[in-house]
2 protein chains.
Amino acid sequence: MTRPANRSLGLSDRRSDGAQGQSRGGASAADRWLLSTMMDALPRCGFAAMLWDGTTLGEQTGLRVIFRDRGALWQVARNPLVRFGDLYSAGRIEVEGDLVLFLERLYRAMAAGRRGRRSAWWWLWQDQRPRAGSLTTARENIHHHYNLGNDFYRLWLDGEAMQYTCAYYPAPGMTLEAAQHAKMDHVCRKLRLRPGQRVIEAGFGWGGFALHMARHYGVSVRAYNISSEQVRYARAWAAREGLAERIEFVEDDYRNIRGHCDAFVSVGMLEHVGVENYAALGNVIGRCLSANGLGLIHSIGRNAPGRMNGWIERRIFPGAYPPSLGEMMQIFEPLRFSVLDVENLRLHYAQTLRDWRARYTANLGTIRAMYDESFARAWDLYLAGSVAAFNTGSLQLYQVVFARGTNNAVPTTRSHLYA
Amino acid sequence: MTRPANRSLGLSDRRSDGAQGQSRGGASAADRWLLSTMMDALPRCGFAAMLWDGTTLGEQTGLRVIFRDRGALWQVARNPLVRFGDLYSAGRIEVEGDLVLFLERLYRAMAAGRRGRRSAWWWLWQDQRPRAGSLTTARENIHHHYNLGNDFYRLWLDGEAMQYTCAYYPAPGMTLEAAQHAKMDHVCRKLRLRPGQRVIEAGFGWGGFALHMARHYGVSVRAYNISSEQVRYARAWAAREGLAERIEFVEDDYRNIRGHCDAFVSVGMLEHVGVENYAALGNVIGRCLSANGLGLIHSIGRNAPGRMNGWIERRIFPGAYPPSLGEMMQIFEPLRFSVLDVENLRLHYAQTLRDWRARYTANLGTIRAMYDESFARAWDLYLAGSVAAFNTGSLQLYQVVFARGTNNAVPTTRSHLYA
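Owing to the predicted nature of the structure, the values given are computational and were not obtained by experimental measurement.

With that out of the way, let us pick up the interface of chain B and chain A. Residue-level contacts link 31 residues of chain B with 31 residues of chain A. Mapped by element, the contributors of at least two residues to the side of chain B that touches chain A are α13 (325-332), β10 (338-344) and α14 (346-362) of chain B. Looking at which element gives the most residues to the side of chain B that touches chain A, the answer is β10 of chain B, with seven residues. Strand direction decides the pairing type here: strand β10 (residues 338-344) of chain A and β10 of chain B, joined by three bridges, are antiparallel. By the bridge assignment for β10 of chain B, Val342 of chain A is matched with Val342 of chain B.

What follows is the structure, encoded as structure tokens:
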């Protein structure tokens, strides 16, 4: 592992906006009109909003968002989905009180307000289209997110399997480590893994799940990932554990997957694939999966087609797109795969993210030293916003089990998952 | 209950086709060419085909399809999906050996052959479009199928709950009665029914599931059905059981459902709804379901969009259309319902249909006396063909559990289904 160079998110506007200087004075009538328009669009929002001069609107609930300068206010009004995150990261917007609770109330009020569409504010917004996913942009996007440095992720992911995906908490009070272990077992049971089987894994993260399958289920794994830093990490890890003979970590794109398998599994890759490539992914699976094999795709999703939050899509996860279940069917239907089982683990992801954020917060000093304050604030906002998104139902987590349409060796009940 | 008038399926061609008389003689060169073309299109079909003069092609496996006259051969070649069933019903096509096994091999060979498309035969076919589902045609279609007479269905459905939908066999060797009981409990557990809750049921058959919910789960039910004969039956049944106070059987279309409920359930109605009405069904549910309510739709489906077998769609189930899972999402996505759980019970339906057919076969004499020979053969073919369709994977059975996107009171695991 290499210690990554100090990185920022490329936010150039921290303390550098001319508007900020001007707004040391009082808010103008126009500023107050804009704040009032925005707050009117958020019915029963459950928080207050304050300008740089102390002007305050909204409800006194212990939650308060503060615009530190005029530029911050007007930029958020124009493009809130992207600029809120940037300005929060730069410290030009601050939130007093519980950040997750504020964001949950904000999301709910925005959803209610947009349904009503009574405010002119909704028509000011600029939204963005998701980017397409060519092989080159796929590599760039993945590099952006996953090559931040293994040391960074190790500060707040589980300490055993380095799982950067939704955990599974079948019992209350489980630790993150136990819940990630339970998630991996849940997936392995859904795939009915047996010793000697061949597994293909599309997108392997740091390799923790491949190791789990090889160690606990006696299978051999061929796993693909395009993040060079993760590939190096996974290979070294497998060698240390004496499992290198049974796991082949390939640095390549899922579209180049070759070979045959008894189980095809992908945990947390589909978010980076893009709907336009789902048919290609289906063809890859169609080429690989044995006649009686089972497959599982685990992915963040949505209740209806829609874009990822623009700030996350630009600053945190370039190219990310969580599909609706209907969109996911574009993987399976062209090849007439049979969908056997879909489980929605949305509230488990909210808990996973709460656990991650607690560790992240405990390590804030280290993270500030590794990167900078705006990076530390950006990732905290990302984690808090993700808790809120799963908790308010704007994001889902789908596990989809499938088989060839002609496979009659499928499990007839799911009781083996709960034995 | 009224004893239905003797009914036929409107097949006018039994022993009435002029071609039949002509074909008492030997098969011509053209007849043999056509048979050969058809059999070439069905690679490794695993059965033989014989003409009226003894000309035989294919494999000697104990399974043989026999064309009794020239007209039967040429009509099947032109429109096999519809005419095979009509001619089989009329006795002009016969099958020696196990009918289900023959149909399974036929379906598999047709699927393999059509993928290859090496035969001119595939281009001769006439397929049909499904009919649209206005309120009037919906009533006509349902009348056609369900008003055949309660006495008819009672001869071969389970004797306790009169369930004309897929049963659930969690253990081997279960009786049909036990499996239908298990299916109803499985659905009630998925809905987490509790005493005092209000349930709306869309499409209630003979009322057996509504009675089960009221009796065993202490809920009140408002249930809708447009088959007048089923409505009368259900009301009388509820009165006999002393449950009339807690179940309201309404003779009306699902689009006219009114009221509020803690659980919305529909078992075996969606097949008759038509994709063009899924958004309307979603709106009905959106109007009825409480903030923390759960819903379940149980329906025959397909791995990819496609039409119902043309003969079944014309002769047995007018207007029936089993959707793909992607098509089903047109119910849920417009209102941003959250899909929590999908289970595919395809092989359970194959077993249900085997159980139904065994009872049907045991009562063939009664059925012939109630209707006629062609009706008896048609329904036997329908049951046998349905076993084959579920067993070969051309039909699926989906149970989809859903909730409002903002409902956080949903079950977090499915372990309660298997406790």
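Right, picking up where we left off after that structure.
Quick look at helix α10 (residues 228-240) of chain B now. All names here are of chain B. Between the first and last C-alpha of α10 there are 19 Å, a value that for 13 residues agrees with the 18 Å anticipated at 1.5 Å per step. Along α10, the residues classified as buried are Gln230, Val231, Tyr233, Ala234 and Ala238. The buried residues of α10 occupy an angular sector of 165° when the element is viewed end-on, so they sit on one face. Those residues of α10 that are exposed and aimed more than 90 degrees away from the buried face are Ala239 and Arg240. Gly242 sits one or two positions beyond α10 and adopts a positive phi of about 70°.

Below, the discussion takes up the domain arrangement of chain A. Residue and element names in this part refer to chain A. Per the domain assignment, the segments making up chain A are domain 1 (18-124) and domain 2 (135-417). Computed over C-alpha atoms, the centres of domain 1 and domain 2 are 35 Å apart. On the side of domain 2, 17 residues touch domain 1, which itself brings 15 residues to the contact. Taken together, the elements giving at least two residues each to the side of domain 1 that touches domain 2 come down to α4 (80-89) and α5 (99-116). For the side of domain 1 that touches domain 2, the element with the highest residue contribution is α4, accounting for seven residues. The residue makeup of the side of domain 1 that touches domain 2, split by class, is nine nonpolar, three polar and three charged.

In this section: the relation of the copies chain B and chain A. Note on the identical chains: chain B maps onto chain A by a rotation of 180° and an axial translation of 0.0 Å, with an RMSD of 0.0 Å. Given the turn and translation reported, the copies of this chain are related as if by a two-fold rotation axis. A high fraction, 100%, of the interface residues of chain B reappear at the interface in chain A, so the copies pair face to face through one surface.

This brings us to the sheet that holds strand β1 (residues 48-50) of chain B. All names here are of chain B. If you walk across this open sheet you meet the four strands as β2-β1-β3-β4, and the pairing is mixed. The open sheet terminates on both sides in strands that have one partner only, identified here as β2 (56-58) and β4 (93-96). With strand direction ignored, the average angle separating the axes of adjacent strands in the sheet is 20°. As defined by bridge partners, strand β3 (residues 64-67) adjoins β4 across four bridges and the pair is classed as antiparallel. The residue of β4 that forms the bridge with Val65 is Val95.

Looking now at the nonpolar core. One finds Met213 of chain A together with Met213 of chain B to be the most contacted residues of the largest nonpolar core, which totals 262 residues. Sequence-distant contacts of Met213 of chain B, that is, excluding residues within four places in its chain, are made with Cys188, Leu193, Val199, Val219 and Val221 of chain B.

Note on helix geometry: an α-helix contains 3.6 residues per turn, so any two residues three or four positions apart are oriented the same way. With seven of eight residues buried, α13 of chain B is to be regarded as a mostly interior element. Three or more residues of α13 of chain B are buried, namely Leu325, Gly326, Glu327, Met328, Met329, Ile331 and Phe332 of chain B. Contacts from the buried residues of α13 of chain B go to α13 (325-332) and β10 of chain A together with α11 (278-288), β9 (289-301), β10 and β11 (396-403) of chain B.

Let's shift gears to the sheet that holds strand β3 (residues 64-67) of chain A. Residue and element names in this part refer to chain A. Sheet architecture is open: four strands sit in the order β2-β1-β3-β4, paired in mixed fashion. Looking along the sheet, the strands with just one partner apiece sit at the ends: β2 (56-58) and β4 (93-96). Geometrically, the sheet is characterised by an average inter-axis angle of 20° between neighbouring strands, direction not taken into account.

A separate point is the pairing of strand β8 (residues 261-267) of chain B. All names here are of chain B. Counting buried positions along β8 gives seven out of seven residues, so the element sits mostly inside the fold. By the bridge criterion, three bridges tie strand β5 (residues 198-202) to β8 in an arrangement that is parallel. The residue bridging Ile200 from the neighbouring strand is Phe264, located in β8. Pairing between β8 and β9: six bridges, direction parallel. Pairing of Ser266 across the sheet is with Ile297, part of β9. One crossover worth recording links β8 to the parallel β9 by way of α11, and it is right-handed.

Turning our attention to the environment of Leu335 of chain A. All names here are of chain A. With respect to the helices, strands and loops of the structure, Leu335 is situated in the loop between α13 and β10. A count of 18 C-beta atoms within 10 Å places Leu335 in the partly exposed class. Taking the C-alpha atoms as reference points, Leu335 and Asn283, separated by 52 residues in sequence, lie 7.4 Å from one another. Not counting residues up to four positions away in its chain, the partners in contact with Leu335 are Gly282 and Gly286.

Take the environment of Thr175 of chain B next. All names here are of chain B. Residue position: Thr175 is located in the loop between α7 (150-154) and α8 (176-190). We classify Thr175 as partly exposed; it has 14 C-beta atoms within 10 Å. Thr175 sits 180 residues away from Asp355 along the chain, and the two C-alpha atoms are 8.3 Å apart.

All names here are of chain B. Mapped onto the elements, His186 comes out in helix α8. Take His186: there are 22 C-beta atoms within 10 Å of it, and that puts it in the buried class. Through-space distance from the C-alpha of His186 to that of Leu417 is 6.8 Å; in sequence the pair is 231 residues apart. In contact with His186, not counting residues within four places along its chain, are Tyr168 and Leu417.

It is worth spelling out the packing of helix α3 (residues 70-78) of chain A against α4 of chain A at this point. Residue and element names in this part refer to chain A. The interhelical angle for the contact between α3 and α4, taken along N-to-C directions, is 150°, at an axis separation of 6 Å. With respect to α4, the axis of α3 lies roughly antiparallel. At the point where α3 passes α4, the crossing takes the left-handed sense. Facing α3, whose interface residues are Ala72, Gln75 and Val76, α4 presents Pro80, Arg83, Phe84 and Leu87. When its residues are assigned to classes, the contact of α3 with α4 shows five nonpolar, one polar and one charged.

About the cut-offs
Residues numbered from 1 in each chain as written. Chains lettered and ligands numbered in written order. Predicted model: local features only at pLDDT ≥ 70, side-chain atom pairs only at ≥ 80, totals over all residues. Contact = placed C-beta atoms within 7 Å. Helix = DSSP H or I, 4+ residues; strand = E, 2+ residues; numbered from the N terminus. Pairing = 2+ DSSP bridges. Expected span 1.5 Å × (residues − 1). Buried ≥ 20, exposed ≤ 12 C-beta atoms within 10 Å, placed from the backbone. Arc of directions from axis to C-beta. Domains from an automatic or database assignment. Nonpolar A, V, L, I, M, F, W, Y, C, P; charged D, E, K, R; others polar. Least-squares fit on C-alpha atoms with pLDDT ≥ 70 in both. Axes fitted to C-alpha atoms, helices over the stretch in contact; angles between N-to-C directions. Core = buried A, V, L, I, M, F, W, Y, C linked by C-beta atoms within 7 Å. Right-handed = clockwise from strand over helix to strand, strands pointing away. Parallel < 35°, antiparallel > 145°, perpendicular 65-115°, else oblique. Left-handed = near helix turned anticlockwise from the far one by under 90°.

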